[in-house]
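A look at the structure
The lines below spell out each chain.
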Protein chains: 2
Amino acid sequence: MTMKIMIMKNILDRNQNKAGEVRAFLDERKVMMVNIISSPGAGKTTLLERTCEALAGKVRIAVIEGDVTTDRDAQRLKKYNIPIVAINTEGGCHLDSHSISKALVHFDLDSVDLIFVENVGNLICPSQFDLGETFKLAVVSTAEGDDKPAKYPMLFSQARAVILNKTDLLPYTNFRLDAFAADMASINPRITIFRTSAITGEGLQEWLAWLGKQLREFSAA
Amino acid sequence: MTMKIMIMKNILDRNQNKAGEVRAFLDERKVMMVNIISSPGAGKTTLLERTCEALAGKVRIAVIEGDVTTDRDAQRLKKYNIPIVAINTEGGCHLDSHSISKALVHFDLDSVDLIFVENVGNLICPSQFDLGETFKLAVVSTAEGDDKPAKYPMLFSQARAVILNKTDLLPYTNFRLDAFAADMASINPRITIFRTSAITGEGLQEWLAWLGKQLREFSAA
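Since the model is a prediction, treat every value here as computed from it, not as a measurement. (Residues numbered from 1 in each chain as written. Chains lettered and ligands numbered in written order. Predicted model: local features only at pLDDT ≥ 70, side-chain atom pairs only at ≥ 80, totals over all residues. Heavy atoms only, no water.)

**Some details on the relation of the copies chain A and chain B**
Each copy of the sequence occupies a distinct position, and chain A is placed on chain B by a rotation of 180° and an axial shift of 0.0 Å, giving an RMSD of 0.0 Å. On this basis, the relationship between the two copies can be described by a two-fold rotation axis. Here 100% of the interface residues in chain A have copies in chain B that are interface residues too; the copies meet face to matching face. (Least-squares fit on C-alpha atoms with pLDDT ≥ 70 in both. Contact = heavy atoms within 4.5 Å.)

Here is the structure:
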């Protein structure tokens, strides 16, 4: 192995060990954690806004916001009066399990059912770092084109579900739903696909119902 | 410094040294190189298609295509009968100057005026690696939202120009042109901003005229 590959393996091994600790820690406390990954601007924060509104008073949500710089996304979520920790990676291209472990200290986990982690906007690097999440959620916008799963398979092969967002833009793009579905089926046949639009509300009920089912199965496990 | 930071500094130093060599090599041969960086799906390949069509018979173009996997983008450009080298990073999140140096061997540079490098779709990591390019070109789609320069300033602070693409989608998004322009002005006051749409053709003439001017000034330098 070259020096560079050895170092990378070492970083990934250390991340994986800590991710295992985080997962065990959250499992014990019956807190489900969802690691949301997408390109910049696919709509992660807006999806979180709609989800927080729908689940207010029903599910106790906390959010960990990862950003390269600024806390703009965290600011957008403040209106829901939920616990939020903002992690500024200072140029870093992904979150890791060590930063998640430190963020968790700031929550009262006895009063939390579900933690959403909004990862840094990046389809590549965040897929390589297990955060100790219960599952990964991929978000992709129709404006990005239907070839994203084929071109960036690592995330899509690992995610439990993918949200195809901004379906209100479908009439104005050359996005082919059949090509997208075919690529997804070959990369990850078990993945659940949702089509959503924060503007028309399409698909949000299906997403929320599925999320509720994951929460119930997680709590019962 | 920690071990991780030392290693990263070493990688960046080695990249920078090789980038200097690449730049001197291309300058001597009067070949301009443009490093195109964007999120996945902002429209880099379509912009290259329109640019190759417009400049056919006028400017001798070659392309280096960077992709995490697949050669789909390189396949899309084959119809223009231009020299293309596809670099598959096998999961890597950016191109580096060493891979560019190796790719250049495959071109007959006496018959090339302009090399476009289509970097891996990623707003973060490619900004940290100088490839020896003449300048960086940022591409961002209106569907990504107007907050991308503020949230990912590194690329936008370095680029000579930014193409705001998919302006045909503006009526269907909440993109604020004034907020985008204000953020850009504070991050990089000297950057040139183009608004383009591959569908309506908006802004392509302005982009091509500006590109021609960069080429003339580069050749005369």
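Now that the structure has been shown, we can carry on.
**Some remarks on the sheet that holds strand S6 (residues 161-165) of chain A**
Residue and element names in this part refer to chain A. Strand order in this open sheet of seven strands is S3-S2-S4-S1-S5-S6-S7, and the pairing throughout is parallel. The two strands at the open ends of the sheet, each matched to only one other strand, are strand S3 (84-88) and strand S7 (192-195). Between one strand axis and the next, the sheet turns through 20° on average, direction left out of account. With five bridges joining them, strand S1 (residues 32-38) and strand S5 (residues 135-141) adopt parallel strand pairing. (Pairing = 2+ DSSP bridges. Helix = DSSP H or I, 4+ residues; strand = E, 2+ residues; numbered from the N terminus. Axes fitted to C-alpha atoms, helices over the stretch in contact; angles between N-to-C directions.)

**Section: helix H7 (residues 177-187) of chain B**
Because each turn of an α-helix spans 3.6 residues, side chains separated by three or four positions end up pointing in the same direction. Listing the buried residues of H7 of chain B in full gives Ala179, Phe180, Asp183 and Met184 of chain B. Projected down its long axis, H7 of chain B shows its buried positions confined to an angular sector of 130°, all on one face. In H7 of chain B, those exposed residues whose orientation departs by more than 90 degrees from the buried face are Asp178 and Ser186 of chain B. On its buried face, H7 of chain B is in contact with helix H3 (72-77) of chain A together with strand S5 (135-141), helix H5 (148-151), helix H6 (153-158), strand S6 (161-165) and strand S7 (192-195) of chain B. (Buried < 20%, exposed > 50% of the residue type's maximum accessible area, 1.4 Å probe, protein only. Arc of directions from axis to C-beta.)

**Quick notes on the pairing of strand S1 (residues 32-38) of chain B**
Residues and elements named next belong to chain B. Counting buried residues in S1 gives seven out of seven residues, a clear majority hidden from the surface. Pairing between S1 and strand S4 (residues 114-118): five bridges, direction parallel. Note on S4: the bridge partner recorded for Met33 is Ile115.

**Focus: the sheet that holds S7 of chain B**
All names here are of chain B. Reading across from one edge, S3-S2-S4-S1-S5-S6-S7 is the order of the seven strands in this open sheet, with parallel pairing throughout. Of all the strands in the sheet, just strand S3 (84-88) and S7 have a single pairing partner and so form its edges. When strand polarity is set aside, the average angle formed by the axes of neighbouring strands in this sheet is 20°. In this structure, S5 lies alongside S6, joined through five bridges in parallel fashion. Looking at the pairing, Val139 lines up with Ile163 of S6. This element, helix H4 (residues 97-104), spans S1, strand S2 (61-67), S3 and S4 of the sheet and lies at about 145° to S3.

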